[in-house]
Every structure is written in structure tokens, then in C-alpha cells.
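A look at the structure
So you can see what is in the structure, the chains are spelled out below.
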Amino acid sequence: MTELAESYDPTTLEAKWREEWADSELYRYDDDETTDTDTQYVIDTPPPYPTGDFHIGNALGWCYMDFAARYHRLQGENVSFPQGWDCHGLPTEVKVEENQGIRRTDVSREEFRELCIEHTEGQIDAMKETMQRLGFSQDWEQEFQTMDPDYWAKTQRSFVEMAEKGYVHRDEHPVNWCPRCETAIADAEVENVDSQGTLATVRFSGIDNDDLEIATTRPELLAACVGMAVDPDDERYADRIGDSFEVPLFGQEVELIADEAVDGEFGTGAVMICTFGDKQDVDWWAEYDLDLRPVVTEDGRLDESVAEFGGLDLDEAKAEITTALQKEGYLEDEEPIEQSVGACWRCDTPIEILSKEQWFVRVDQDEILSKAKEIEWVPEHMYGRLEEWTEGMDWDWVISRQRVFATPIPAWSCDDCGHWHIATLDDLPAKPTEDDPATECPECGASEWTGETDVMDTWMDSSISALHAAGWPEESFEPVQLREQGHDIIRTWAFYTILRTAALEDEKPWEEALINGMVLGTDGNKMSKSKDNSVAPIDVVEEQSADAFRQAIALGGQPGSDIQFQHKEVTSASRFLTKLWNITRFASDHLDAADEAEPSYTDTDRWIHSKCARIADDVAADMDEHRFDRALRTVREFVWHDLADDYLELVKGRLYEGTPEEQAAARQTLSTVLSASIRMLAPFSPFLAEETYRHLPGTSGSVHAAGWPELDAEDESVEARGERIAAVASAVRAWKSEAGMALNADLDRVEIYPDDGIDEFDTGDLRATVNAPIEVAAGEPDIEMVPVETDPDHSTIGPKFRDQAGAVVGALEDADPGDIAAQKREQGEIELDANGEVVVLDGDAVDVRHEQRAAGETVEVLDADGATVLVFP
RNA sequence: GGGCUCGUGGUCUAGUUGGUUAUGACGCGGCCUUUACAAGGCCGAGAUCGGUGGUUCGACUCCGCCCGAGCCCA
């Protein structure tokens, strides 16, 4: 094998492989229809929003996907790891307006779209660069952008098919409205933010009756007041239900109703009902068949029709109306109050509820939940998030947006009768603002159409990502294997994807949903630029390496939990990578020689080989359940402590001075185990794995096209012999170190006294390592060993003696350890007096710890896991 | 207010059918040039497992309550 460079230099090494991989077909998905679908592993990769910044939160999710993708490739599966971009949306529109110094209405729709596309492409390039630096293995042949006509034609198709199945309707209905973005938004896009408000107590004059005071935080909506409400159980108002009142300043007459939803503890216990202050108002308005008095405009002002205050924006209106109420004597009280208001999740502007004609997708809660239940959620409790959200849905999903840069809604209204015509599949992709359908109106026969200018919610684009990844609509749909995403978007992306896949294909979208947590900064808080605790992945890659960064992410915690990013984990990973580099370098000095001799394996060889087989199974099991943290920990532990500390040290003697047969055995074992270790590490640290793997003898091509290690395990007794050898070597090494001796210092001899029956094992490797003749002796060592302590095995004694166990252990502690040791040695069982009752327990249930006392000859006594080791220096 | 998740050495973390001396990392202190590696090795200090009550022969683990943190929802 060729020798590795003297030192590990991640920067050049990672750059080299990045370039080689980019030009290769290593990660290509085989889309041939003849390919066995049983060995497919398709990932529904999140299409991120092209902000231009691939941050550490993204990196967490992509690391998980890449670990899974690379692992499943090693398992011989045909992996599809596509990458899309969720291009449409308001933030890009705003950015383009800013950069170009224009309003979107200054240019044509088409021109504005073009500017958005151009801007988006630049953002994508920047994020792609970071992804590649991090070593992710997407198949770039499958890259897609939701703004491509190919893709948005699919979005339109999904809309048309859903309309045909009766999922789509166009109606006037109250919707959440962002007055800054000037568009309808869905429930999922409303976030509740806590704020400081003012609770005003306003007196309504009774008509032929006494006055009544209501409490409100929104006096600016008085003009929209259509009713008043109190709790039916509220005795203060028991005889007032049905009374009429006059709304202050605006004069309309409203009636007092009783409804249990009113909180009698809040304010005066009486509230006003407006169209619309909040969702509760919408419920009352519908239930009691109240008037509709819309007073808020799409840009967040009072409508011109509102007497005196028309045209004011809502904040001004609040101030002026409050002043007017005071002047007229209607304002009884004002006090500050903590309140939670709905806000647009993109711009934090408080939302309004306006009644508008919009396009809706029907939310079928039962259908969604039944599909969601079929999905395996990792971790399991994340299903609860989706369930809670789904059960709480009370409005259909409003999918129309009054924007430009998004997928057009393929529909037209008839100029004569107003009938809405939805495109047929043949019309797609359709640009309704430019082209008319070539049909007559089925209602009235007219042929003049006006295209819909509303566009779709961008979640309509991204919620078919699973379908797209599975080749829809060309190929028949089967759930894909994996969805990976953050828990913050369960109510949106996961929810909508399940809804859409159920509606279109009557299927769950994925077999498994792997949900990641958030990445916290070093101070334990969620990372944010304003808190100055954020870390850019690209900086870590430049300072240390992508390979180390990826390990740090894997070890941050088990998937699903929030992880705190720790530079020390990167440091520790770097050390491990250097260690592996040096192990490979050592191997490269020895694995060159052609082995013609028949290998003669020792217990040491059989042990590491067998242990490696078991480790490979354990790690595979962890990878199968996405326990990346445990998998990597296991690999690291094995490589560092078993392979490097123990095995390598034990076979050095043979490698340098053994017979051809002995050397052949050591070389082959080392080669096999190192190769297996590197393959197990490959999903986590693909760059170093690639470099080291290609230096091993007998390998060809990339480690990422290799197979998962398949080694034969030996039976336990074989492994136990090796463990014995390693434990003795380790004990002697530690003792030499402590005694201030050179580790290769000569010793007179070493005697081993096993007390667990493992007394036959090869001693050749051990002799070379500890640099002393080895004797394995039966019985007790010939020095004075004093039993000093008993050590009961609770897992044997507990179940056997149940409520007597405490007394038995107590008796054991009180007994003379020498007596226990003697009974154990002579009878194989131990008789005790436990609180006056004689009990007999098996000798194996008690260990006796010995201590060396005053020996004549100079000797050191070491404990090596079930064996006593005597060292004669 | 409801729901979910979580409290383990200075810091981060492992420990899902209850059972030896509670895992590892980083950091800290000490010792050591050993034919892969000082970017290393060895040793050490450091935790009443958030608190409290219960179930049990036995609780970091199961249950109740309390305290604290975070997330989601209202």
C-alpha cells in the first residue's frame, strides 16, 4: 500500500475529494425502472428557502440525512438523495424590491418574476457551496427548483387533481390577513406574540335601559361592533340578556347575548363582538347570525366609509377613538394588560381577520391523522405535535395569496356570469394572467375570461416534495423511506405534506419521519445573530474540518433533542481523526509486503476480528434507528481503545519480528479490521475515510461505493481469551507508566492467575508487548493474598432471596472475608446466618477482593478483569 | 391555562425490560520521548444523578407531588 502523507491536513484533503466527487457518479440514483424497488432508499429532502445562508440548524438536518444516505449506500441500497429549493415567497419579493429600488407594481408581473428568479439563483449558489464544503452527498442530477416551470406545473397539476376530487373550494370566508404583506395567510403562518396592551372599559348606552360597560383592547374596532356578550352564568348580567345598546361614537344598535365562551373574570365580564377582532368573533358572528361590518382595509386602515375616522391607520385610529371616547364620556377606565396577539410569522406584523373571497383546501382531520399514524415518527412523541395541531384546526387551509412570485392558480372567471373555471391537465403549465382557456363557459356559453391573479401559498409547492421525490406523477406512488425535518415545521411542512399525499394518492408520504431538534449556542440559548451566540458551519470547516464538524453534530445528542453546539466536540473529533490517520500510517508501513505464507492466527487476531464483527452489527442496528450518536461513539471507542491501544500494541512484535506465518496473520487481520472501521466511519467523516480507505491494500474505488463490513464473529469464549490478553497487557502498561518505567522496559517475568476459568490463551503477543516471559498458573498465586472485602452480586441474590436479600447482604458484609473466601474455595457455596436464619448461596454470587500483604520477593500484584497478575520486575 | 420534552462531575453528554465501583468527552493537576501518533500515552481529582414522598429485597431508571428550563398550543 502507498504511504499516507506524514501529517493529516484536512484542508487540502477535503478540497481534493470534493473535486473528485463532483466529477464522479458516486452518488447517482439509479432511476432505471427495472431496478429492484425493495432496495430503494428515497429521501424526501427539505427544499430550503434560498436565503443565501446555510446555517447550523440546516447543517444539523442535512448531517442526519447524509449519515442515513451514506449508510444505506454502504448497505447496498439504491439511494435517492435529491436536493430542491423552495424559491417562491414574500421574502424574496421584498429583497428584490429593496435591491432594485422599486415597488413590485412598478414593473410587469413577468418582469418582476424574472428579477426574483435571478436573485434566487445567486442565493442558491451560495448555499450549495456550503453544502458541498460540508461533504453532503446529494445527487445533483436530481436538483429541482420550485420556480422552474417543470416543477410548478406539478404544483398546478396537484391543485387541479385535488379540485377534481373535491378538496378545493373558492368562497368568501374570514381569513387571517397580514396588512403589511397585504395577503391572506394560513393558520399555520400565524404566530402568537406576547405584548403589552391597554384594556379599555367602555360604556355602552342602554336603549330604554341602563348602560353597560364592556372591556376591550381594540376600541379602534368599535365601528365594526355587531354585538355584545356575557357569560350566561354571570349573575351581574342575568337579567340583561337580549337588551339593546348603542355603540358609542358610531351609533349602531347591538344586542347583548349570553355565551359560555366569555370569561367572566376578564375586565367587566362583558365584551363586544366585532367583525372581526379575533377568531372568537368569527364563531359568534356565524353562530348568532350577526351583521357583517367590515371596517379594516387590506393595508391596515379604517375604511373611508367609517365616519370621522376613515383612512386612519389602526394605531392612529386607536389613539383618536380613545381620545374621542374620553371626550364624550364613554371611557370609564384604562389599564395596561399583558396580551397575546396573532402576528404574521414572516414579518411579525399583527394580523387582522378579514372576510375575503379566497381559494381553500379542505382539511380532513380524520384522513390526515389516519395517515400520520401509519408513519414511524422518530422520536415517537413528535407524532403528538402533529396530532395536537391537526385536532386544533378549525378553518380550512387558505391557499391563495395576493402576491406575484409564486405558482399561479390555474383558474379563470367568466366575464359574463362570474363562473370559475379551473384548468384541465392539458392546459398545464398555465399562466392565467397571460393566456385564456380555449373553452366556452359551461354556465353561460360566453368565451371571455379573466385570469386569476392570486397565486398559491408556497407550502403548496413544497408539500408535494415527497411526491416529486418518488417520481410523481409519471411513476405510481409509493411512500418514500425517509423524511427529515425540524420540529418547528411539523405544523406546516409535515402537516401539509401528509394532507396532500393523502388527498392525491390516499397514501402516507413517508415510511419514517425523523425529526431533529434545534441547535443551541454555547450559552445554552437558541442561536441568534442578535444574541451573538451563533456559529457558522463554514467557519468551523475552515478552522478545523468538515469531518470533525460532522462528528460534533452527530455526538451532540440523540436525534430529536435540541443539541448545544460545542467546539470541544470538534476538537475531540479532530484528535480522533488524527489518531485514525496515524493508525493507517502505521499500517501502511506493514501492509505492503506480499503475504505468501499461510496465516497462522493467534487469539489476539481472532479476538479483534470477532469483536469487530459484533461492533459492525451493533453500529448497523444504531444506524437503522438513526441513533447516530451511539453509533459513532461505538466506532470511536472501538478504533481508539481496542484497535489502537490494544491490538496494535499486541501485534507490533509479530509485525516487526514474527515468522512469515505470524506476520501474515497480523497483516490480514489488521487490514480487515481497519478497513471495516473506516467503512463504519465513512458516513460521519467521508473525506478522511476516503483518503485512508484508498491507501489500504486490496481496495478499489471509493469507500462510499463499498459495502458495510460483513465479518464472521467467533463464539464468546474466543473473544474472552482475547479480552484476557488485552486486559493483562493494559494492566502491565498502566503499571509501568505509573512506576516511571519505559513501556518497553524488560521484566523478569509475569505470572497470570485467572480466577474465572479462562486459563488457556496464546501468550506470544503478550510476551512481546510486556517484554517478559509469561506464565499462566492455576490456583492461587504463591504470595500472601489477604481477602479484604466481599462483593455480592445483587442481581443474583436479590431475586433469589427477595425480602431476605437485605439481611443476606448484611450478613455477608459482617462476615470475615477470609471465611467467605475459604467456603467459596472449599465448598463452592457459602453458608451464612442471616438474622438467625441459615441461608446457603452459590459461590458465584459473591466475589472476594484480595489485597497483597507483605511478600518476601519483590513483586507487584495487578488486577486485570478476572485475573490476578504478578509482575516480577 | 393545557400538552410535550428535559434536569447526571466546572461544562456538554451516555445510561429505555429496575441489579457490581454511574459512561465518555472537553477542561484541570501530575508523570512519561515508547521503531503510527506529544495533535500522543498513563495516572489522578471532580457527581449525595433537581428536590421530596412512594412502590420494591434493591430506584439515575417506575409512580405521585414540588422546583427549574425549553418547546408547542390556547
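What counts, and where the lines are drawn
- Residues numbered from 1 in each chain as written.
- Chains lettered and ligands numbered in written order.
- Predicted model: local features only at pLDDT ≥ 70, side-chain atom pairs only at ≥ 80, totals over all residues.
- Heavy atoms only, no water.
- Helix = DSSP H or I, 4+ residues; strand = E, 2+ residues; numbered from the N terminus.
- Rg over C-alpha atoms; globule rule 2.2 N^0.38 Å.
- Buried < 20%, exposed > 50% of the residue type's maximum accessible area, 1.4 Å probe, protein only.
- Contact = heavy atoms within 4.5 Å.
- Areas by Shrake-Rupley, 256 points an atom, 1.4 Å probe, with all protein chains shown as cover.
- Lys, Arg positive; Asp, Glu negative; His and termini not counted.
- Charge placed at Lys NZ, Arg CZ, Asp CG, Glu CD.
- Pairing = 2+ DSSP bridges.
- Polar contact = N/O pair within 3.5 Å; in protein donor to acceptor, adjacent residues only side chain to side chain.
- Domains from an automatic or database assignment.
- Axes fitted to C-alpha atoms, helices over the stretch in contact; angles between N-to-C directions.
- Parallel < 35°, antiparallel > 145°, perpendicular 65-115°, else oblique.
- Nonpolar A, V, L, I, M, F, W, Y, C, P; charged D, E, K, R; others polar.

**With respect to the overall build of chain A**
Along its length, chain A carries 24 helices and 33 strands. Here the C-alpha radius of gyration of chain A, 37 Å, is well above what a compact globule of 873 residues would show, namely 29 Å. Overall size of chain A, expressed as C-alpha extent along the three principal axes, is 115 × 75 × 45 Å. Put simply, chain A has 873 residues, and 55% of those count as buried. Pairs at least 24 residues apart make up 77% of the contacts formed inside chain A by residues separated by at least 6 positions. Accessible surface for chain A amounts to roughly 38,200 Å². Of this, 41% is attributable to carbon and sulfur atoms. Chain A carries 71 positive and 194 negative side-chain charges, and their two centres are separated by 5 Å.

**Details of the pairing of strand 8 (residues 212-216)**
Within a regular strand, side chains alternate between the sheet's two faces. Counting buried positions along strand 8 gives 4 out of 5 residues, so the element sits mostly inside the fold. Hairpin connection between strand 7 (residues 190-206) and strand 8: a loop of 5 residues separates the two successive antiparallel strands, and Asp 208 in this loop has a positive phi of roughly 55°.

**Topic: the side chain of Gln 83**
Looking at the element boundaries, Gln 83 is found in the loop between strand 2 (78-80) and strand 3 (84-85). Looking at Gln 83, its side chain comes within polar contact range of the main-chain oxygen of Pro 46, at 3.4 Å.

**Details of the domain arrangement of chain A**
Splitting chain A by domain gives domain 1 (183-353), domain 2 (410-453), domain 3 (597-729), domain 4 (730-782 + 857-872) and domain 5 (783-854). A C-alpha centroid distance of 91 Å is found between domain 2 and domain 5.

**Details of the environment of Phe 360**
Here Phe 360 lies in strand 14 (residues 352-361). Residue Phe 360 is classed as buried on the basis of its relative accessible area of 3%. Separated by 188 residues in the primary sequence, Phe 360 and Glu 172 have C-alpha atoms spaced 9.8 Å apart. If near-sequence neighbours (up to four positions away) are discounted, Phe 360 is found in contact with Tyr 167, Val 168, His 169, Asp 171, His 173, Val 175, Asp 396, Trp 397, Val 398 and Ile 399.

**So, the packing of helix 9 (residues 382-391) against helix 12 (residues 490-505)**
Running from amino to carboxyl end, helix 9 crosses helix 12 at an angle of 80°, the nearest separation of the two axes being 10 Å. Comparing their axes, helix 12 and helix 9 come out roughly perpendicular. Between helix 9 and helix 12, the residues in contact are Met 382, Arg 385, Leu 386, Trp 389 and Thr 390 and Ile 490, Arg 491, Ala 494, Phe 495 and Ile 498, respectively. Tallied by class, residues from the contact of helix 9 with helix 12 come to 7 nonpolar, 1 polar and 2 charged.

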